[in-house]
Each structure stands twice: as structure tokens, then as C-alpha cells.
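Structure assessment
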Amino acid sequence: MRKFLTRLLLVFLSAVICLSGVASAADTSEDTLRVGLFYDSKALPGANLENAVGSGYRFGWYDADLAFHELGYTSQTQISMVKTQNVTLSNGNYVDGIGSVTVGCYHLQLQGSSTSFDGALDQASRVPGGFPAWIDGAYHVRVGAYTTKEEAEAARDELGLREAEIVGTSGYAVSVVVTKTGEPIFQFDGGSAYALGVQPGLDSSVKAVTWFKGYRYYGGFQYVRDHGGNLEVLNVVSLDDYVRGVLPYEMSNDWPLEALKAQAVCARTYAVTNTSGHRDFDVCATTHCQMYQGLNLSNEHTDQAVDETAGEFVRYHGAPAITYYSASDGGATEDVRNIWNANANLPHLKGVVDPYEADVADGISQYNWSYTFTSSELTAEMNDALSGRGYSFTEIINVYVSEYSETENPISITFVDRSGKTWSFGPETIRIALGLRSNRFDVTGGDSGGYSVNDGSETLASVRGVYAISGEGSAAAITGEPYVITSSGTKELSAPTTSSSQGNDSFTFSGAGNGHNVGMSQQGARAMALRGMDYIDILTFYFSNVEIW
């Protein structure tokens, strides 16, 4: 059974290697993935777990197929994994700084090693403060958690352990302690090859549910030292249990069952085709990938949607497809190539006119929206958003949609400054730059301020880049101010002006919907389900030429 992502080693520094293919027809909901819960700047000095269903925990590591290899266990139900530096307990969490309980980074290590966890545990039980440790593939007995070498030396004398060695750990190590007391119960240091895994429950006879940071999760956890610093916390969970934790956060858990089933298949498919490129895990737990917060909002309704679609994917030419979705499309979705990548060869992500979403539009907050900017405000917003990409706007005097798609969404928006210089951008760039709610919008206000052409049916913002054809058929660029021929002779045209010169320089972006407009509309899925359509009807409407199996 193929896992979605594979690693050369279980190394927290190793890069995630995305398979060049996608899931095969043999893939099922039994596949497993890593979900990043806390990482990068949000990595933690310490992370607490508490059993909700099941008792105790097993310690070990996960191999490249995410199979768990057990190294030890505890019957404690409230434990914390902490980095092997000095940390303290403050308001129930282990942190850097001052707290009520301190876990230090120096230990006494007894001579010799043990061949088993139980052997090390038995030996550790004979020494006050003793605990088993798995260090670079061997079991040892360590004692205490002292903040300084001097403190460790004093404890060695007091305990009469004169032959014990004072030791620390590498930047890869993690200690497991009883949450409330800070008492060490296990220490793991697999060097650069392995990261600590914790599997809730003393065996697999009960499907454990575990509390972490106020949320309940299925599956196990992995703790990766972030460059020798804080802990990245990953949830190692089956694909369908992951979908259980996505579904009620991406779609309301009281929506029609068929809409929830469509969302479940979308979420499952997106998880296996996601290409977000996270280093140590397959998908994150935020909207950057999909919102995932465990089981708190799951109910029988959402679980039914997952169970009744178990193992099903949206497939294009037999392989799981990329299944983007957004809150609402405002009346039409859009080709992915017009939103993110002009060269994208994803024909299943083609824009469609959506007649269904209007059924529920009146009940959607801010479904129709508008934002108005003055010339100076618009110039400032564009500079703030795009100066890092090398753009510099002096005074924007006109904005207009210069190209529409087949579904009447804007695909090119042109900005003009007072000198006649123009810039054109795609809708996603403008949506993000100006904080618009969707990629389905029009622009009004200001003054086209251009030269009328084609019997006045169109305008040119400037004559920059425009050529005139002479009576002899030669073409030449227009320079200076152009002239027109009238019945009374020639007449010079004045430079284009806008309402900004008259003190009324507002531009209004008005549209409908919420999101990027690619793939499935969640509100549209709800509307289709309310009309009596099933999840296959929904998915095959929003994704072109696909099959569901």
C-alpha cells in the first residue's frame, strides 16, 4: 500500500519528497499521513497530551511507511513532551522562562546499558528519580532533570551515585514527563535518524482519542526538534480520520448529507494530491492546506458522510485529481489557468456557470459586496501589496477590467497612471492585494479618461504603444498628442483626464461570492443537495470530465 509521501529517513531535517505520480486505484482509506499542528514559528517548548479514550501511551518511532515501532510505555494519562533544554511549567504548559515546575537538561546516567525497556525500567525503579532513556539505539538509566552541572554534581553526591556520569543530550532529543509534576518518565534521542513518536493507548485494542491544545484527535503524534530548538507537533492519522477532522471545519456539520459527502470526497482527494511542499509533514492544519482541528465538531452526520464515501476520490483519467474548493462562486467558477497558472494543464478545473448557488444566496452574509477606494487609497494599497514584486505606482487615475473569461469573470484588470503608463494583473493578484472577497467582480467609477475608438464603443487609456497607418500603408508609433480628421479639418485631442482631477476619484470593486472561484463551491454544493441532487451530481458538475470511485 503506497503512502502519499515518503521520506528517505525519519529525520526532522529531511525534505518531504512528493511522489511524482498520484494515488493509484488500489489506494484506500487505510492510508496514513502526517498533519502539521504546530511548526516553524509556532513550534513549542513543550506539548501536553491527555487521554480521553484509552489509557496510557506507547513511545517509539515511525518508519517511512508510518508504521509505529514501540520502544517503551507508561500508564500515565497526562504527559508532556518537552525539548531537552531547561523548561518550566507555567499555566499548565511547559515554556521557556519562569514557572512553578522546572525540568532541567542535565542528568545522571548509570553505567552500562540494557537490552530492553522493561530491563531499564526495572533498574530505574531502584533509584530515586530514575527513568529509562533510549539514546542512539540503546537503553540507559538516567536520573533527575537538573538545570546546571553543579546541581547534578550535588545530586550525585547526595544519592551516592559516584560512578554516574553527568550527561546532557543532543539537539534532537525529547523528554517525556508527567505534566503536573515534571517527573521524567522517558527520554528519546534518535539523533538525526529518528523522531519521537507517541501512540495513545497501551495497545491497539481501543481506538484512542487524545486531547491536545483543547482539541480531540485520533491517531498518534510525532515530535520533531526544530533545528535543535522547539518541538514541531505532528498528528499521525489515517486518511479517513483526518477527513473526519476536516469536514466540520470546512463545511457546517448540519448541512445536507449529500453536500457533506461531496466535501468529504473533495477533502480526501485534496489530501493525497496536495503539493504545498511542507518539509516534515504531508498537510498542515490551516486553510493553507485544509482546516483540520480534530473531532470537536464531528457528529454522526459528518461521520456518516465520511463512512459512506470511504476510499472514494475525484478521479481524472483514473488518478486522484486536484480538488480545489471555495466558500461560494458568486454565480460562476473559473478556469484554474486564469487564476493561478496560465500554463496549468488541469482540464478538470474548468470554469462553469453556476445556476444553483442563487438558491441560497439570500441567506449568505456579504454574498454581494463592494469596496470603494479613492485614487490615493488605491495607489497606496497597490504599492503596499506589490512593491516587493518590483512594482511602483505613482498616481493611479483609472482601473478597468480589460478581459473577461467565458464565464464572465475578470481575467485581466488594467491600472493606468497619470502619465498613461498601464499595468495589467490577474484577478487573484488583485483579490489578495485589495482584500476583495472573491475573483468575480467588476470595477466602476473614476473616468475611463481615454480616447474613444471604434465609433466610441471602446476607449484607449493612452496612445502609448499605439500605431497609426498612413495612406501609403506604413505603420508608425503615435507620439505626442494625436490629431483626428473632422469635416472642418484636423483637431488636436487633449490628453485623457479622470475624475481625480475634478476631486471625485473613487473606484468601486463590486462582486459576489467568497473565495478563489476554482473548483467546487461549498454553498453551491449545499444548494444542489437541497434540490435533491447527490454528491456525485455535485462533484461532476464542478469538476469537468471526472469520475468518483
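Since the structure is predicted, the reported quantities are computational estimates derived from the model, not experimental observations. (Residues numbered from 1 in each chain as written. Predicted model: local features only at pLDDT ≥ 70, side-chain atom pairs only at ≥ 80, totals over all residues. Heavy atoms only, no water.)

**Let's talk about helix α7 (residues 427–434)**
What sets the pattern is the α-helix's 3.6 residues per turn: residues three or four places apart point alike. Most of α7 sits out of view: seven of its eight residues are buried. Among all positions in α7, only P427, E428, T429, I430, R431, A433 and L434 are buried. The inward-facing, buried residues of α7 contact β26 (368–373), α6 (375–386), β28 (410–417), β29 (422–425), β30 (441–445) and β37 (507–512). With its phi angle positive at about 70°, G435 sits one or two positions after the end of α7. (Buried < 20%, exposed > 50% of the residue type's maximum accessible area, 1.4 Å probe, protein only. Helix = DSSP H or I, 4+ residues; strand = E, 2+ residues; numbered from the N terminus. Contact = heavy atoms within 4.5 Å.)

**Remarks on the sheet that holds β29**
Within a sheet, neighbouring strands are paired by backbone hydrogen bonds and run either parallel or antiparallel to one another. Spatially, β27-β28-β29 is the arrangement adopted by the three strands of the open sheet, whose pairing is antiparallel. Bordering the open sheet on either side are β27 (396–404) and β29, each of which pairs with just one other strand. The sheet shows a mean angle of 20° between the axes of neighbouring strands, direction not considered. Across seven bridges, β27 lies against β28 in antiparallel orientation. Residue pairing in the sheet places V399 in a bridge with F415 of β28. Here α6 sits on the sheet and contacts β27, β28 and β29; the angle it forms with β27, its principal contact strand, is near 65°. Against the sheet, α7 touches β28 and β29, its axis set at about 60° to β28. (Pairing = 2+ DSSP bridges. Axes fitted to C-alpha atoms, helices over the stretch in contact; angles between N-to-C directions.)

**Thoughts on the sheet that holds strand β10 (residues 101–103)**
Spatially, three strands are ordered β9-β8-β10 in an open sheet, and the strand pairing comes out antiparallel. Unpaired on one side and paired on the other, β9 (93–95) and β10 mark the two borders of the sheet. Neighbour-to-neighbour, the strand axes of the sheet open up by a mean angle of 30°, direction not taken into account. One ladder, built from three bridges, connects strand β8 (residues 87–90) with β10; its direction is antiparallel. Opposite V87, over in β10, you have V103 as the bridge partner.

**What to know about the packing of aromatic side chains**
The description of an aromatic ring pair rests on the distance of the ring centres and on the angle between the ring planes. One pass over the structure, following the stated rule, counts 27 aromatic pairs. Plain terms: the ring middles of W134 and F188 are 5.2 Å apart, the flat faces sit at 25° to each other, and that makes the pair stacked. Taken together, the residues W134 in strand β12 (residues 130–135) and F188 in strand β16 (residues 184–189) connect sequence positions 54 residues apart. Each member of the pair, W134 as well as F188, is classed as buried. Each ring, one from F393 and one from F425, has its centre 6.2 Å from the other, and the planes form 55°; the classification is tilted. (Phe/Tyr/Trp six-rings, centres within 6.5 Å; stacked < 30°, edge-to-face > 60°.)

**Overview of the pairing of strand β6 (residues 68–74)**
Two strands pair when backbone bridges link them, and strand β5 (residues 57–62) and β6 are joined in this way by six bridges, in the antiparallel orientation. Bridge pairing links G60 to E70 in β6. Between β5 and β6, which follow one another and run antiparallel, lie five residues, and L66 among them has a positive phi close to 65°.

**Description of the pairing of strand β15 (residues 174–178)**
Of all five residues in β15, five are buried, a share of seventy percent or more. Of the two faces of β15, the one lined by V174, V176 and V178 and the one lined by S175 and V177 are each fully buried. Relative to β15, strand β7 (residues 78–83) runs antiparallel, the two sharing five bridges. Residue I79 lies in a different strand from β15, and its bridge partner there is V178. Hairpin remark: β15 followed by β16, antiparallel, with five residues in the connecting loop; positive phi at G182, about 75°.

**With respect to unusual backbone geometry**
At L66, a residue that is not glycine, the phi angle is positive and equals roughly 65°. For L66, the position within the fold is in the loop between β5 and β6. For Q366, which is not glycine, the phi dihedral falls at a positive 55°. Residue Q366 is classed as partly exposed on the basis of its relative accessible area of 48%.

**Thoughts on the environment of Y356**
With respect to the helices and strands, Y356 occurs in the loop between β25 (325–326) and β26. Residues within four places of Y356 in sequence aside, it is in contact with G524, A527, M528, R531, M533 and F541.

**Examining a nonpolar patch on the surface**
Side chains of Y73, L121 and L202 sit close together on the surface and give an oily, nonpolar patch of about 240 Å² of accessible area. Its place among the elements puts L121 in helix α1 (residues 117–124). The class of L121 is partly exposed, set by a relative accessible area of 33%. (Patch = residues over 30% accessible without salt bridge, like charges linked within 9 Å, V, L, I, M, F, W, Y side chains within 5 Å. Areas by Shrake-Rupley, 256 points an atom, 1.4 Å probe, with all protein chains shown as cover. Salt bridge = Lys/Arg side-chain N within 4 Å of Asp/Glu carboxyl O.)

**Considerations on helix α5 (residues 300–307)**
Of the residues making up α5, those classed as buried are T302, A305 and V306. Along the axis of α5, the buried residues cluster in a sector spanning 100°; they form a single face. On its buried side, α5 packs onto α3 (239–250) and α4 (257–273). Between a side-chain oxygen at the N-terminus of α5 and the backbone nitrogen of H301 the separation is 3.0 Å; the capping residue is N299. (Arc of directions from axis to C-beta. Polar contact = N/O pair within 3.5 Å; in protein donor to acceptor, adjacent residues only side chain to side chain.)

**A few points about the side chain of N274**
Along the polypeptide, N274 turns up in the loop between α4 and β22 (283–284). A distance of 3.1 Å separates the side chain of N274 from the backbone oxygen of D282, its partner in a polar contact. For N274, the residues in contact, after removing those within four places along its chain, are D282, V283 and C289.

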